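# Topology and contacts: notes
Here is how the chains run, residue by residue.
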Amino acid sequence: MTLALGCIADDYTGASDLANTLTRAGLRTVQTIGVPADDLDLPEVDAVVVSLKSRSIEPGLAVSRSRAADKWLRGRGASNVLFKICSTFDSTDAGNIGPVMDALRADCDEAVVLVTPAFPENGRTVYQGNLFVGAVPLNESPLKDHPLNPMHDSNLVRVLSRQSRTQIGLVDLPTLSRGAEAVRSRLAELSGKGIGAAIIDAVFDRDLETIGLVAAEHRLSVGASGIGLGLARALVSTGKVKSAASSGRDATVGGQVACLAGSCSQATLQQIANAERVMPVLHLDTDRILTGANEAQRALDWAGPRLAQGPVLIASSATPADVAALQARHGRDAAGHAIEQTMADIAENLVKSGVRRLIVAGGETSGAVVDRLRIPGFLVGAEIAAGVPVLRAVGATAGEMLLALKSGNFGGPEFFSDAMRLMR
Ligand SMILES: Nc1ncnc2c1ncn2[C@@H]1O[C@H](COP(=O)(O)OP(=O)(O)O)[C@@H](O)[C@H]1O
Ligand SMILES: O=C(O)[C@@H](O)C(=O)COP(=O)(O)O
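Report follows, based on the coordinates. Not measured: the values here are computed from a predicted model.

## Looking at the site of ligand 1
- Among the 19 residues in the neighbourhood of ligand 1, the closest are listed as His 146, Ser 263, Glu 340, Glu 364 and Thr 365.
- Contact between ligand 1 and Glu 340: an oxygen atom at 2.6 Å from a side-chain N or O atom of the residue.
- Thr 365 is positioned with one of its side-chain polar atoms (N or O) 2.7 Å from an oxygen atom of ligand 1.
- In isolation ligand 1 offers 570 Å² of accessible surface; the protein chains occlude 96% of this area.
- Taken together, the elements giving at least two residues each to the shell around ligand 1 come down to helix H12 (320-330), helix H13 (332-352) and helix H14 (363-373).
- Here the residues of the shell around ligand 1 sort into 7 nonpolar, 10 polar and 2 charged.

What follows is the structure in structure tokens.
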């Protein structure tokens, strides 16, 4: 297998978002969980997205895991690697975007790295280096209240400068709108000044296509699904990849359906409220989780008889005020970790008792669940919402399974119903 594109995603929902984008753009794509084991039977593909759970871990660990993924991808012919980060640039001043970018850049000896989290289809645009979420700057968006990485600065040149050892430049929209050659000249100018990475503005998909053409000539780029779209279109339009339709990814699986929500985003809170109208919903008592009570067992006892009748939803999600109060009592990391592990306990036991279709809301939450289920990889199926595909597990010990891993902020108000309709 010679890969046209290698991707390293810093969380699992982000990975499936990117795998979805690449698939829709015509690249045969597989999503793996971690660096694949040698005996994992991978189909012939154009792109592999290696999913890591490295967004909110200690920077040194994020660097070593990303470097291992990079080495594996380049060992399979990927001369071009995309480090997939969140379209809302989720990170802290400690990292992990900057440290991982710096390490991968050094490993492949890239002069200047193109960086853009723009994803216009989901309302993420970048202008003069400032990230907008819909109509508002990042620091005024719901991301200001994220439980793990609250975002308080919309200027990504500043944000990345605080995390990276290299200086960060800007390729602005006027330059970009003059075309690929203008972008190349600007990058050469920045590189000549010793600047090692540049935030690139992008507002429309056509901007991403220009960026993709240039990024395809580089060894490393950093961004969200939007730059993935640009890269995929460039690989197809330059004939490096023959656009292929995916096949055999829609066979029925059946079995019980369960939904788990650990995201506290505004979008997920609305989706849970709407789900209450169509399925039983259990709201976990997060204080009980943090004080060591067996809240997972209470949830499983609640779900058991209901699952025989139809889908259920179990949620830890709470409003920013409640999240802040819980964190004040128990600490941010301890709260996040304990709740994620409870979600993983619940998922493991639900699957043992016959659930075969699982919908998970939240990136970290999805990571904890998929790790516990020991699923090594996914094929990408139908698109439920922008950035959220149906995933078919490959090589899972539980056998045939369908999952949807939803980024907290993604999906329409009826997301859970929308997902169930496509997960047959
Ligand atoms: N009620 C709660 N209070 C505090 N933290 C919570 C609560 N519910 C979930 N969490 C934690 O918040 C984090 C949500 O992150 P994640 O699952 O990535 O969602 P998103 O996709 O919205 O970023 C997880 O670590 C999760 O365990
Ligand atoms: O790029 C994006 O916005 C998503 O792919 C993503 O990574 C979102 O992260 P979570 O909300 O933590 O799932």
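Having put the structure on the table, let's press on.
## Remarks on the site of ligand 2
- Residues in contact with ligand 2 amount to 14 residues; listed here are only the nearest, Thr 13, Asp 17, Arg 55, Lys 84 and Ser 87.
- At 2.6 Å from an oxygen atom of ligand 2 is found a side-chain nitrogen or oxygen belonging to Asp 17.
- Element by element, the count of residues in the shell around ligand 2 is highest for helix H1 (residues 12-24), at 3 residues.
- The residue makeup of the shell around ligand 2, split by class, is 4 nonpolar, 6 polar and 4 charged.

## Focus: helix H4 (residues 156-163)
- Every buried residue belonging to H4 is among Leu 156, Val 157, Val 159, Leu 160 and Gln 163, and all of these are buried. One side of H4 carries all its buried residues, which in axial view fall inside an arc of 165°.
- Its buried side turned inward, H4 meets helix H3 (97-108), strand E5 (113-116), strand E7 (130-133), strand E9 (167-171) and strand E10 (195-200).
- For H4, the side-chain oxygen to backbone nitrogen distance between the N-cap and Val 157 is 3.0 Å, and the N-cap itself is Asn 155.

## A word on the packing of aromatic side chains
- Per the stated rule, a full pass over the model turns up 2 aromatic pairs.
- Between Phe 119 and Phe 410 the ring centres are 6.1 Å apart and the planes differ by 65°, which places this aromatic pair in the edge-to-face class. With Phe 119 in the loop between E5 and strand E6 (124-127) and Phe 410 in the loop between strand E18 (402-406) and helix H15 (415-422), the pair connects residues that are 291 residues apart, well separated along the chain. For the residue pair Phe 119 and Phe 410, the accessibility class agrees, reading buried in each case.
- Summarising the aromatic geometry, the rings of Phe 415 and Phe 416 are spaced 5.8 Å apart at their centres and angled 75° between planes, so their arrangement reads as edge-to-face.
- Residue class for Phe 415 comes out buried when judged on its relative accessible area of 1%.
- The ring centre of Phe 415 lies 5.8 Å from the NZ or CZ of Lys 406, which sits over that ring.

## Describing the side chain of Gln 163
- Mapped onto the secondary structure, Gln 163 falls in helix H4.
- Within the structure, Gln 163 has its side chain in polar contact with the side chain of Ser 91 (distance 2.9 Å).
- In contact with Gln 163, other than residues within four places in its own chain, are Ser 91, Thr 92, Asp 93, Gly 95, Asn 96, Ile 97, Gly 98, Pro 99 and Asp 102.

## Regarding the pairing of strand E16 (residues 377-385)
- Within E16, 7 of the 9 residues are buried, which leaves it mostly tucked inside the rest of the structure.
- As judged from the 3 bridges shared by strand E2 (residues 29-33) and E16, these two strands associate in the antiparallel manner. Following the sheet pairing, Gln 31 is matched in E16 by Phe 378.
- The pairing of E16 with strand E17 (residues 388-394) spans 6 bridges and is antiparallel. Bridge pairing in E17 places Val 380 opposite Leu 391.
- Connecting E16 to the next strand, E17, in antiparallel fashion are 2 residues, including Gly 387 with a positive phi near 85°.

## Quick word on the packing of helix H7 (residues 205-215) against helix H8 (residues 225-237)
- The geometry of H7 relative to H8 is characterised by a closest axis approach of 7 Å and an angle of 65° between their N-to-C directions. Read as a crossing pair, H7 and H8 show a hand that is right-handed. Between H7 and H8, the contacting residues are Asp 205, Leu 208, Glu 209, Ile 211, Gly 212, Leu 213 and Ala 215 on the first element and Gly 226, Ile 227, Leu 229, Gly 230, Leu 231, Arg 233, Ala 234 and Ser 237 on the second.
- Of the residues in the contact of H7 with H8, the class split is 8 nonpolar, 4 polar and 3 charged.

## Overview of the nonpolar core
- Core analysis: the biggest nonpolar cluster contains 123 residues, and Phe 89, Leu 260 and Leu 358 have the highest contact counts within it.
- Here the element with the most residues in this core is H13; it accounts for 8 residues.
- With residues near it in sequence (within four places) discarded, Leu 260 still touches Leu 313, Ile 314, Met 343, Ile 346, Ala 347, Leu 350, Leu 358, Ile 359, Val 360, Ala 361 and Val 369.
- Grouped together as the second largest cluster of nonpolar side chains are 24 residues, Ile 359, Ile 384, Phe 410 and Phe 416 included.

## What to know about the pairing of strand E11 (residues 220-223)
- A two-sided burial pattern is seen for E11, the buried positions comprising Leu 220 and Val 222 on one face and Ser 221 and Gly 223 on the other.
- Note that strand E4 (residues 81-84) and E11 share 4 bridges and pair parallel. Residue pairing for E11: Leu 82 is matched across the bridge by Ser 221.
- Pairing analysis gives 3 bridges linking E5 to E11, with the strands arranged parallel. Across the sheet, the residue bridging to Thr 116 is Gly 223, located in E11.

Thresholds, definitions, all that
Residues numbered from 1 in each chain as written. Chains lettered and ligands numbered in written order. Predicted model: local features only at pLDDT ≥ 70, side-chain atom pairs only at ≥ 80, totals over all residues. Heavy atoms only, no water. Near = heavy atom within 4 Å. Polar contact = N/O pair within 3.5 Å; in protein donor to acceptor, adjacent residues only side chain to side chain. Areas by Shrake-Rupley, 256 points an atom, 1.4 Å probe, with all protein chains shown as cover. Helix = DSSP H or I, 4+ residues; strand = E, 2+ residues; numbered from the N terminus. Nonpolar A, V, L, I, M, F, W, Y, C, P; charged D, E, K, R; others polar. Buried < 20%, exposed > 50% of the residue type's maximum accessible area, 1.4 Å probe, protein only. Arc of directions from axis to C-beta. Contact = heavy atoms within 4.5 Å. Phe/Tyr/Trp six-rings, centres within 6.5 Å; stacked < 30°, edge-to-face > 60°. Lys NZ or Arg CZ within 6 Å of the ring centre and 35° of its normal. Pairing = 2+ DSSP bridges. Axes fitted to C-alpha atoms, helices over the stretch in contact; angles between N-to-C directions. Left-handed = near helix turned anticlockwise from the far one by under 90°. Core = buried A, V, L, I, M, F, W, Y, C linked by side-chain atoms within 4.5 Å.

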